[in-house]
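Single-letter residue listing:
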Amino acid sequence: MKHLFQGDACLHAGFCASVPQPPTITHQSPKDYIIDPRENIIIHCEAKGKPHPSFSWTRNGTHFDAEKDSKVIMKPNSGTLVIDISGEKVEAYEGVYQCIARNEHGSALSNNIVIRQSRSPLWSKERIEPITVQRGMSLVLQCRPPAGLPPPIIFWMDNNFQRLPQNSRVSQALNGDLYFSNVLMDDNRNDYICYARFPHTQTIQQKQPITVNVLDSKYSPSGERAPTFMQPPGMHSTSMVLKGDTLQLECIADGLPTPDISWSKVNGDLPSGRFSFHSFQKTLKITEVTDADGGDYRCLARNRLGSNHHIITVVVRAAPFWISAPQNLILAPKESGMLTCRADGNPKPTVTWSVNGIPIENSHKDPSRKIENGNIILSDVQTGSSAVYQCNASNEYGYLLGNAFVSVLAEPPRVLTPPNHVYSVITNSRALLDCFASNIHQNLYIIHKNNTLEINVARPVHSGKYTCIASNSLGNKENHVYLEVKEPTRILRQPEYKVVQRNGMAEFECKVKHDPTLFPSMIWLKDNMELPDDSRFEVGSDSLTIHDVREDDEGNYTCIRNTTLDQDSASAMLTVVEATPTPPIIMEQPDPPRDLELTDQREHSVRLTWTPGDENNSPIQLFLIQYEDSLHEPGVWVNMTEVSGTSTTAHLELSPYVYYSFRVLALNEVGLSEPSAPSRQYRTNPAQPEVNPSDVEVIGTSPDSVTITWRELTGLESNGPGLQYKVSWRQKDVDQQWTSLSLANVSQYVVTGTPTFTPYEVTVQAVNEYGPGPSPEVVLGYSGEDLPTVAPENVKVYVQNWTLAEVSWDAVPLSTVQGRLNGYKVSYWKLRSLHKQDPEPKKPQELIFQGNETEGLLFGLHPYSQYNLNIRAFNGKGDGPTSSNQIFETPEGVPGPPADLKVENLNLDSLIVKWAPPVEHNGHLTGYLLKYQPINTTDKLGPLKELLLAANETSITLDNLKHSTRYKFYLNAKTVKGAGPTVTEEGVTIMDEALIQHPAVEAGKGKEPWKTEFVNGTRTYQIRGLKPGMSYRVRVVAKDHSDATVHSTEELLITVPAMTSKQVDIATQGWFIGLMCAIALLILVLLIVCFIKRNKGGKYPVKEKEDAHQDPEIQPMKEDDGTFGEYSDTEDHKPLKGSRTPSNGTVKKDDSDDSLVDYGEGGDGQFNEDGSFIGQYSGKKEKDTAEGNESSEAPSPVNAMNSFV
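Note that this is a predicted model, so its numbers are computed, not measured.

Observations regarding the overall build of the chain
Within the chain, the secondary structure is distributed over 4 helices and 92 strands. Taking all 1205 residues of the chain together, the buried fraction comes to 41%. A sequence separation of at least 24 residues applies to 65% of the contacts in the chain between residues at least 6 apart. For the chain, the computed accessible surface area is about 65,900 Å², with 50% contributed by carbon and sulfur atoms.

Notes on empty space enclosed by the protein
All chains considered together, the criterion is met by 1 cavity of 30 Å³ or more. Taken as a whole, the largest cavity spans an internal volume of roughly 50 Å³. Lining the largest cavity are Lys830, Ser833, His835, Lys836, Pro863, Tyr864, Ser865, Val919, Glu920, His921 and Asn922. Here the residues of the lining of the largest cavity sort into 3 nonpolar, 5 polar and 3 charged.

Brief notes about the sheet that holds strand 50 (residues 529-530)
Taking strand neighbours across the sheet as the criterion, the 5 strands line up as 46-54-53-49-50 in an open arrangement whose pairing is mixed. The open sheet has two edge strands with one neighbour each: strand 46 (498-501) and strand 50. One ladder, built from 2 bridges, connects strand 49 (residues 521-526) with strand 50; its direction is antiparallel. If you follow leucine 525 over to strand 50, its bridge partner there is glutamate 530.

Observations concerning a nonpolar patch on the surface
There is a patch of nonpolar side chains on the surface, built from Leu1081, Leu1084, Val1085, Ile1088, Val1089, Phe1091 and Ile1092 and spanning about 610 Å² of accessible area. Locating valine 1089 in the fold gives a position in helix 2 (residues 1070-1097).

Considering the state of the cysteines
Scanning the model with the defined rule gives 5 disulfides in all. Note on cysteine connectivity: cysteine 251 is disulfide-linked to cysteine 299, with sulfurs 1.9 Å apart. Between cysteine 251 and cysteine 299 the sulfur-sulfur dihedral comes to about -65 degrees; the bridge is accordingly left-handed. Of the two residues, cysteine 251 is situated in the loop between strand 23 (247-250) and strand 24 (252-256) and cysteine 299 in strand 28 (residues 295-303); the sequence distance between them amounts to 48 residues. Of the two residues, cysteine 251 and cysteine 299, both sit in the buried class.

A closer look at the pattern of salt bridges
When the charged atoms of two side chains lie near each other, side chains of opposite charge can form a pair. One pass over the full model with this rule turns up 38 salt bridges. The closest approach of N and O atoms between lysine 207 and glutamate 126, which form a salt bridge, is 2.6 Å. Of the two residues, lysine 207 sits in the loop between strand 19 (203-206) and strand 20 (210-215) while glutamate 126 sits in the loop between strand 12 (113-117) and strand 13 (131-134), which places them 81 residues apart along the sequence. Its relative accessible area of 5% is what places lysine 207 among the buried residues. Residue aspartate 595 is joined to arginine 594 by a salt bridge in which the shortest nitrogen-to-oxygen separation is 3.8 Å. Salt bridges linked by common partners bring Asp534, Arg536, Arg550, Asp552 and Asp553 together as one network.

A short note on the packing of aromatic side chains
Taken as a whole and judged by the stated rule, the model has 22 aromatic pairs. Grouped by ring-pair contacts, the aromatic residues Phe155, Phe161, Tyr195 and Phe859 constitute a single cluster. The ring of tyrosine 192 carries arginine 189 above its face, with NZ or CZ at 5.6 Å from the centroid.

Concerning the sheet that holds strand 61 (residues 682-683)
Strand order in the open sheet made by the 4 strands is 58-57-60-61, with antiparallel pairing throughout. Of all strands in the sheet, those bounded by a partner on one side alone are strand 58 (633-644) and strand 61. Of the strand pairs in this sheet, strand 57 (residues 622-629) and strand 60 (residues 659-667) are connected by 8 bridges, and their pairing is antiparallel. When the bridges of strand 60 are listed, leucine 624 appears paired with leucine 665.

Considerations on unusual backbone geometry
With omega at 0 degrees, the peptide bond leading from lysine 50 into proline 51 counts as cis. Among the secondary structure elements, proline 51 is positioned in the loop between strand 5 (45-50) and strand 6 (54-59). The residue after glutamine 231, namely proline 232, is reached through a cis peptide bond having omega -10 degrees. Relative to the helices and strands, proline 232 is located in the loop between strand 21 (225-231) and strand 22 (236-242). Within the chain, asparagine 77 stands out as a residue other than glycine whose phi angle is a positive 55 degrees. Mapped onto the elements, asparagine 77 comes out in the loop between strand 8 (72-74) and strand 9 (81-83).

Notes on a negative patch on the surface
Taken together, Glu588, Asp591, Asp614 and Glu615 make up a surface patch of like negative charges. By secondary structure assignment, the location of glutamate 615 is in the loop between strand 56 (605-611) and strand 57. Residue class for glutamate 615 comes out partly exposed when judged on its relative accessible area of 37%.

Details of the nonpolar core
Taken as a class, soluble globular proteins show a tendency for nonpolar side chains to be buried jointly. In terms of nonpolar packing, the biggest core is built from 28 residues, with Ile41, Ile43, Trp57, Ile83, Tyr97 and Ile115 touching the most fellow members. Not counting residues up to four positions away in its chain, the partners in contact with isoleucine 115 are Tyr33, Ile35, Ile41, Ile43, Tyr93, Glu94, Gly95 and Tyr97.

Some thoughts on the pairing of strand 59 (residues 649-653)
Side chains Ala650 and Leu652 of strand 59 all project onto a buried face; the interleaved residues Thr649, His651 and Glu653 project onto a face where none is buried. The pairing of strand 56 with strand 59 spans 5 bridges and is classified as antiparallel. Paired with threonine 609 across the two strands is threonine 649, which belongs to strand 59.

Thoughts on the side chain of glutamate 250
With respect to the element layout, glutamate 250 can be found in strand 23. Here glutamate 250 occupies a buried position and makes no salt bridge, while the nearest side chain of opposite charge, lysine 282, is found at 8.5 Å. A distance of 2.7 Å separates a polar atom in the side chain of glutamate 250 from the backbone nitrogen of leucine 174. Each residue touching glutamate 250, except ones within four places of it in the same chain, is listed here: Gln172, Ala173, Leu174, Gln231, Pro232, Trp263, Lys282, Thr283 and Ile312.

As for the environment of aspartate 695
If you trace the backbone, aspartate 695 turns up in strand 62 (residues 694-702). Judged by relative accessible area, aspartate 695 falls into the exposed class, the value being 56%. Remark: the alpha-carbon pair of aspartate 695 and threonine 709, spanning 14 residues in sequence, is separated by 7.8 Å. When neighbours within four sequence positions are excluded, aspartate 695 is seen to be in contact with Thr709, Trp710 and Arg711.

Looking at the environment of threonine 132
Topologically, threonine 132 is positioned in strand 13. Under the relative-accessibility criterion, threonine 132 is labelled partly exposed at 42%. Counting along the chain gives 79 residues from threonine 132 to threonine 211, while the straight-line C-alpha distance between them is 8.5 Å. When near neighbours in sequence (up to four residues on either side) are disregarded, threonine 132 contacts Asn213 and Leu215.

Points about the confidence of the model for the chain
In this model, the chain carries an average pLDDT of 82, and 82% of its residues clear a pLDDT of 70 or more. The low-confidence segment residues 1-16 (pLDDT under 50) makes 45 contacts with residues lying over four places distant or belonging to another chain. pLDDT under 50 marks residues 1098-1205. Its contacts with residues more than four places away, or in other chains, come to 177 contacts.

Examining the environment of leucine 242
Relative to the helices and strands, leucine 242 resides in strand 22. Along the chain, leucine 242 and glycine 345 lie 103 residues apart, while their C-alpha atoms are 9.8 Å from each other.

What counts, and where the lines are drawn
- Residues numbered from 1 in each chain as written.
- Predicted model: local features only at pLDDT ≥ 70, side-chain atom pairs only at ≥ 80, totals over all residues.
- Heavy atoms only, no water.
- Helix = DSSP H or I, 4+ residues; strand = E, 2+ residues; numbered from the N terminus.
- Buried < 20%, exposed > 50% of the residue type's maximum accessible area, 1.4 Å probe, protein only.
- Contact = heavy atoms within 4.5 Å.
- Areas by Shrake-Rupley, 256 points an atom, 1.4 Å probe, with all protein chains shown as cover.
- 1 Å grid on protein atoms, 1.4 Å probe; cavity = no way out; pocket = protein on both sides within 12 Å on 5 of 7 lines; lining within 4 Å.
- Points joined across faces, edges and corners; volume = space filled by probe spheres on them.
- Nonpolar A, V, L, I, M, F, W, Y, C, P; charged D, E, K, R; others polar.
- Pairing = 2+ DSSP bridges.
- Patch = residues over 30% accessible without salt bridge, like charges linked within 9 Å, V, L, I, M, F, W, Y side chains within 5 Å.
- Salt bridge = Lys/Arg side-chain N within 4 Å of Asp/Glu carboxyl O.
- Disulfide = S-S within 2.5 Å.
- Phe/Tyr/Trp six-rings, centres within 6.5 Å; stacked < 30°, edge-to-face > 60°.
- Lys NZ or Arg CZ within 6 Å of the ring centre and 35° of its normal.
- Lys, Arg positive; Asp, Glu negative; His and termini not counted.
- Charge placed at Lys NZ, Arg CZ, Asp CG, Glu CD.
- Core = buried A, V, L, I, M, F, W, Y, C linked by side-chain atoms within 4.5 Å.
- Polar contact = N/O pair within 3.5 Å; in protein donor to acceptor, adjacent residues only side chain to side chain.
- pLDDT = per-residue confidence, 0-100.

Shown next as structure tokens:
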């Protein structure tokens, strides 16, 4: 035995349990303590010490005398304050509190605890105008909730209290605003409502609904566009976060189509495992922020038109955190010690010291104490110099306060290491013995500062008993420990390099030598990774076998043998080569086992052995053992157990009172074999039951009974004949004997005559002829419930606003519930409107409040209405009696929209606006607000005008309007609570006919100039003389007296069909043209001959005769125009043979042949048989009644213009 000595005692914190000790704060309230103004304030302060400390408090830096305030109670033997604020203003107790725990050895301080009450202020009154936005534009709906403490939780809902759907296009920002990247027509609604829920007071405040009107116009400028950032704006922003907090970065982009958002960190990666995306990728969240998370983060918004990015610079700051907090010191007189206080933060925190709550520079001088580099050095301490030191580390983001006591004790030594502890190590390894000793003078031993003994190279010779002795001037103490040096674990037969054909088998050995008192485990690795989860890999006790080897099995295999103290490992390579062709192997299920034999027969066990059948080219994987109980279930074979395919024996645990027969089946890759022949029968002796019925339940089915149910035992579990169930019961918490009853072949029993909803203890025990089963467990249940007998009282209703009320009541006494109180049902219904008589009362609505709740909110009330309300408690049986009805009224609210808004024409500059009062007045109407503004041809809105109208008005005539102009009207009904929803309508003033000439019809071919003809008194017009096979552009134009275009329709493309064979134009036929040329040539030749003869011989008889009697039909060739007398210009318009002649016998001039006709927008052109075009134009509105082609009435310019409005 080795004897080790120590000069000084080493004391442990547990040693302080029975010796003097300065105070230590063990529990305190959080630094920032937000209280509910409806509940008492509890400020925790618990401390320990010897003797037990006393407590005092400061508030806002001055002494707080709890005894002088009747509302303040300090708990006994505790510093915890309980402040009753009923009937008091909570503000009177807000402030900064600090607890001081004192005893004769020092004073410990709690943190500064800031007490603030939670606040849920009302939403400021505001008037929210409807928001009008073009389709496709971005939009932000601002929430701006009232500032609460703590801040409220924001969510958006509609009038039906359904959350508004959000997606990548529409989402809620971190500040609660609702952002639209682009607006769709589906966003047009009048019930965007922002709600703020204040968690401490469980109240919900509602903002006024926001109306969004989405305009859809083909002239809208909001087409597709690349992304830009809505939040945060611009290209760069900065975010500050404290170390350890959660960082949330947000990017919301405008764009059409909706942009996709992605995040990355500039010059780095996002922190693995600590980041996540929220709000459809728009928010990046990083938890447990570290200094490495500072830097630039890029959010990229992209759609098919382009991309844009925003850089957010994250600055990480840190509240103070401990590097080394001050630790308690227990010193003996004359000893030395040091208190350290090391803290860090960003910015670097300032560290100050206090003693017993007094700044160290103001405390009494102690020659044994000095401060160096922020640490307190204690030397040659004296008895009675115990104290509590406070270290405060603070910066602008917070502070740390650490208490550490210095206790100077004069006590005899105590050894705290467990006696007779056994240490086990491996030979040639290091041994560390936690024992307090010194003065060892051998090179094999090392004594550490904490007096731990180290043996650098332990050998079997070092095994044995070691004793340490602790001593000081007041006494000594010794302790014994033991060291066992074990043999190392070594692999004797290592795995070897293998070359195996594909589909073959590879086997690696790994046999080990180890200390007999240690039990090694084995782990196999492939390429330093876990083995594949594949049944082909079979791990034996000293080997690894790989069946059906594949190419991907090739690699390095490592065997690791572990014990609790050491390990050894070895590796080998496996190479897989292509298999040589082999004849196909036919595999079949194995033959059944044979020669079953029962050996080692005992009362409750037996060993079964067998001989395997032929494997049939597939190794047997396992054997399945089945049994038949011919006593309880003859002919039924039950699976009992499975054993490895290499085993031929199994040890079987048996139950009493069973007639066993066994059989065995073999399983290979193909399937199960046929069963073996049964073994001989083996009977076990009866015994008392080993288990009791399970699933015991106690159910109260009626107010005066208890039903006890259980699952019966099987024949195998009965263990003997005469199975019965001993059912026992008694009332809980009542000095009452058990009542018992034995039953057989049943699974339930009903106990009658019980009090209502009373707890009962129940047991069910199995009993047979050989004795009872084990002691049963006690099951607790209740008799049946009955209806509650008392209605809730003191029902009060507090109306919050015109749609919300709060109801409260007193809880019913639990003794009257007659069961388990499930909650309360609040029924309320509208009796009538305070404005008008409702045709029939509304059906009651019901709200259920679970458990012990005694207050709740009624949502969705109708403004300015009278309601009735009652409450009843309910349990599992049903509802109790109803409380007396409480009638309450809701205040006036904003009215509903005016009904049936219409706009009618009056004359050129006036319109009549008519409407009906709102269906829902929701109060006394104070009037109507009418707004209107003109709309020009591009759908742009003009200046807005407003009119306040009396409540009894339902129409108004608006004079001095601009003629021929469309106006948009907005109408709201108003009560004292404000304006209700807006309804809109449009109307048009009548056009001034004096300003418009008759509409003109214009036509043109291709890119040729337009030809114009004015319409004279008809709405249809026939265009004649168009050329067959040609295409014409046609439009209708309205112009004023200055010839300026007032309106023009869209162009209509008309194609004139080619003439059919029955409509051949002779003038265009080749034979006719050839004939005319031949005649002209003959006449020319004749004239030349006559001219020659005349020059030679003067006049010939015929010429003289011609001179004397000139035929007006035959004229000589004129020198000025070169025409022939026989074919003059005067005959150009004579009808040709075979051509059509108008029925009136007239033919128009050429410049009239291309005249046009009016047409309507979208109308199809029609053609007569002669190729003329017939078109028609008319107004779009149903009011235009001038139709038809035969109207003798002049066309109205107003109707012509209405076609194009």
